[in-house]
Amino acid sequence: MGSVQRLSAGHTAESDRRIIVGGAQLGPIDVGASRGETLQRMLKLMDDAHKQDVKLIVYPEIATVTFFPRHILEGDELEQYFENEQEVSGDPTKLTNLKALFDKAREYKMDMYLGYAEHAAESGEGEHIHYNTAIYYSAAADKVISRYRKVHLPGTFEPYERKDATNQLEKRYFTPGNLGFEAFRAPGLVADAASKSSGAKANEPDTLGRGDPILGMLICNDRRWPEAWRPYGLQGAELVLCGYNTTAWAPELLGTNKKISTKEKAKEEALFHNKLSLTYNSYANACFSINVAKCGLEDGKYPLIGGSCIVDCDGEVVVEAKTEGDELIVAKIDLGMCRRGKEKVFAFERHRRTEHYGLIVEQTGVVEPELL
Ligand code: CDT
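Here the structure is a predicted model, which means the values were calculated and not measured. Here the residue index of a chain counts from 1 through its sequence in written order. Given that this is a predicted model, residues contribute local features only at a pLDDT of at least 70 and side-chain atom pairs are listed and counted only at 80 or more, while totals for whole chains, interfaces and linings are drawn from all residues. As a convention, hydrogens and water are excluded, and side-chain values are obtained from all of the structure's heavy atoms.

Chemist: I tried to follow the side chain of Arg17 on my own but got confused; where do I start?
Modeler: What counts as a helix is a DSSP run of H or I of at least four residues, what counts as a strand is a run of E of at least two, and both are numbered from the N terminus. Of note, Arg17 is situated in the segment before strand E1 (18–25). Here Arg17 falls in the buried class, since its relative accessible area comes to 2%. Here's how the labels work: a residue is buried when its accessible area is under 20% of the maximum for its type, exposed when over 50%, partly exposed in between, all with a 1.4 Å probe on protein chains only.

Following this line, the structure appears as structure tokens:
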């Protein structure tokens, strides 16, 4: 059992639920970049993480290739960006293009969140199903223990008419995720976790917050939606992992106004909204989050924001990337700190009023009140 000390105010003394975690921000990956070169960059960040004793590393959304949904592609030109699991019996650790990452994570005993474009299966019509996916590799289990498929796909199905507009064709290239927001426990990250084998039961007063860490995964646009975080909050998540590729300048996609009349101001705003989403939702669900960008200028003309950061369960940024290139951010986080938010301000079981939340699941778009 853990030795989390509960103080009368609901605060948690420094607990034994401390983990060193890292975010492996990646700089730009151009269309012509070789997978091999990109993999070397990613492995280098993992080496650096190992030197700092990182136990969990997070890579960006669709980490190993350029952010291809901005381009109009079909056939093999599109397929080259997807990883085909059918060839390797559904075991992502054997995916040809990614295997080196799993091998090194295994060697370093490091858990890993990895985003990639998943070529999942064939539907009845021989059509491939494509998802924007993240998987969680557990070193203790030596396998992928969780998979998340991006639910909120931004952008459009059809390309913009203006030839110089930056497209975001995720609705064209991906199917919305079909796995929901399922939290999971990652073994081996903290010492002395309460477990079934030691006779402990989940959701008992003396095991709450004492089992193996509870994690959730999101991908990019999901982080802007409180609906995506709340299911994790309701499963007691202590740590949410999110990779992203966020354009810094795309007036067709994001709209414009006087405030963001220049590219610099638009980028400032994109960074602000990124941080706002991550800090508020970490606070409101009393969980830490590790948020990692692919960033910089891809192909010399498509700007992506950086701003990778690790946020604590009070919504405070613990560490933030300083560059728009390959950069490792590292923090020692204490998951025991989550208890305060979960037991006081956001004690869901005492304060939530689900009888008033129906609209959130019954209605998708806006319905304004009758006119006066
Ligand atoms: N990759 C991705 O989901 N990008 C979107 C673009 C902006 S839509 C507001 C994002 O949410 O960052």
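Chemist: When you look at the site of the ligand in this model, what are you seeing that I'm missing?
Modeler: Any residue with at least one heavy atom within 4 Å of a molecule or strand is counted as near it. What surrounds the ligand is a group of 14 residues, the closest being Lys150, Cys220, Asn221, Arg224 and Thr246. For this analysis, a polar contact is any N or O atom pair within 3.5 Å, provided that within protein one partner can donate a hydrogen and the other can accept it, and provided that sequence-adjacent residues contribute only side-chain to side-chain pairs. Interatomic distance of 2.7 Å between a side-chain N/O atom of Asn221 and an oxygen atom of the ligand. A distance of 3.4 Å separates an oxygen atom of the ligand from a polar atom in the side chain of Arg223. In this analysis, the protein atoms alone were mapped onto a 1 Å grid. Cavities are point sets where a 1.4 Å probe fits without being able to get out; pockets are open sets with protein on both sides within 12 Å along at least five of seven lines; lining residues have an atom within 4 Å of a point. To decide whether a molecule occupies a pocket or cavity, check its atoms: if more than half lie within 2 Å of the grid points, it is inside. In this structure, the ligand is accommodated by the second largest pocket. The classification used treats Ala, Val, Leu, Ile, Met, Phe, Trp, Tyr, Cys and Pro as nonpolar, Asp, Glu, Lys and Arg as charged, and all other residues, Gly among them, as polar. Residue composition of the shell around the ligand, grouped by class: five nonpolar, four polar and five charged.

Chemist: Teacher, can you tell me more about the nonpolar core here?
Modeler: Generally speaking, soluble globular proteins have nonpolar side chains that are buried together. Counting 50 residues, the largest nonpolar core has Tyr136, Leu239, Leu241, Ile290 and Ile333 as its most contacted members. Whether two residues are in contact is decided by their heavy atoms, any of which lying within 4.5 Å being enough. Not counting residues up to four positions away in its chain, the partners in contact with Leu241 are Leu56, Val58, Tyr113, Tyr136, Leu215, Gly216, Met217, Leu218 and Ile290. Put simply, a nonpolar core is a bunch of buried Ala, Val, Leu, Ile, Met, Phe, Trp, Tyr and Cys residues held in one set by side-chain atoms that sit within 4.5 Å of each other. Of all hydrophobic cores here, the second largest spans 29 residues; its members include Leu43, Leu95, Met110 and Ile135.

Chemist: Sorry, what's going on with helix H3 (residues 99–108) here?
Modeler: Because each turn of an α-helix spans 3.6 residues, side chains separated by three or four positions in sequence point in the same direction. Buried within H3 are the following residues: Leu101, Phe102, Lys104, Ala105 and Tyr108. In a view along the axis of H3, the buried residues occupy a sector of 165°, so they form one face of it. Just downstream of H3, Lys109 is the residue with a positive phi angle, here 55°. By construction, the arc corresponds to the directions joining the helix axis to the C-beta atoms.

Chemist: Is there a simple way to think about the packing of helix H1 (residues 35–51) against H3 in this case?
Modeler: For any two helices packed against each other, the geometry is given by the interaxial angle and the distance between the axes. An axis is simply a line fitted to the C-alpha atoms; with a helix, the fit covers only the stretch in contact. Between two such axes, the angle follows the N-to-C directions and lies from 0 to 180 degrees. Relative orientation of the contacting elements H1 and H3 amounts to 10°, with a least axis distance of 10 Å. Taken together, H1 and H3 sit at an angle that is classed as roughly parallel. In this structure, H1 contributes Leu39, Met42, Leu43, Met46, Asp47 and His50 to the contact, and H3 contributes Ala100, Leu101, Lys104, Ala105 and Tyr108. Here the contact of H1 with H3 is composed, by residue class, of eight nonpolar, one polar and two charged. Oblique is the label for any angle not covered by the other classes, which are roughly parallel (under 35 degrees), roughly antiparallel (over 145) and roughly perpendicular (65 to 115).

Chemist: Explain the layout of surface pockets here, please?
Modeler: Over the atoms, a rolled probe matching the size of one water molecule traces out where space is still vacant. Grid points are joined across faces, edges and corners, and a volume is the space filled by probe spheres set on the points. In this structure, the largest pocket spans a volume of roughly 680 Å³. Of the residues forming the lining of the largest pocket, the biggest block, three residues, is contributed by helix H8 (residues 338–343). Classifying every residue of the lining of the largest pocket by side-chain character gives nine nonpolar, nine polar and 10 charged. In this structure, the second largest pocket occupies an estimated 530 Å³ of space. Every residue lining the second largest pocket is counted, 26 residues in all, and those nearest its centre are Asn221, Arg224, Thr246, Leu253 and Leu254.

Chemist: Explanation requested: the environment of Ser277 in the structure shown.
Modeler: When you line up the elements, Ser277 lands in helix H7 (residues 263–284). On the basis of relative accessible area, Ser277 is assigned to the buried category, the value being 11%. In sequence terms Ser277 and Pro159 are 118 residues apart; their C-alpha atoms lie 27 Å from each other. With residues near it in sequence (within four places) discarded, Ser277 still touches Arg223, Arg224 and Trp229.

Chemist: Sorry if this is basic, but what is going on with unusual backbone geometry here?
Modeler: Note on backbone geometry: most residues besides glycine have negative phi, and most peptide bonds are trans. Of note in the backbone geometry, Ile62 takes a positive phi value of approximately 35° without being a glycine. According to the relative accessible area criterion, Ile62 is buried, its value standing at 2%.

Chemist: Any chance you could explain the packing of helix H5 (residues 226–234) against H7 here in plain terms?
Modeler: Taken N-terminus to C-terminus, the directions of H5 and H7 make an angle of 30°; their axes are 10 Å apart at the nearest point. By the criterion of interaxial angle, the relationship of H5 to H7 is roughly parallel. Classified by chirality, the crossing of H7 by H5 is right-handed. Each of Pro226, Trp229 and Arg230 in H5 lies in contact with H7, whose residues at this interface are Ser277, Leu278, Asn281, Ser282 and Ala284. For the contact of H5 with H7, a count of residues per class yields four nonpolar, three polar and one charged. What makes a crossing left-handed is the near helix being turned counterclockwise from the far one by less than a right angle; a clockwise turn instead makes it right-handed.

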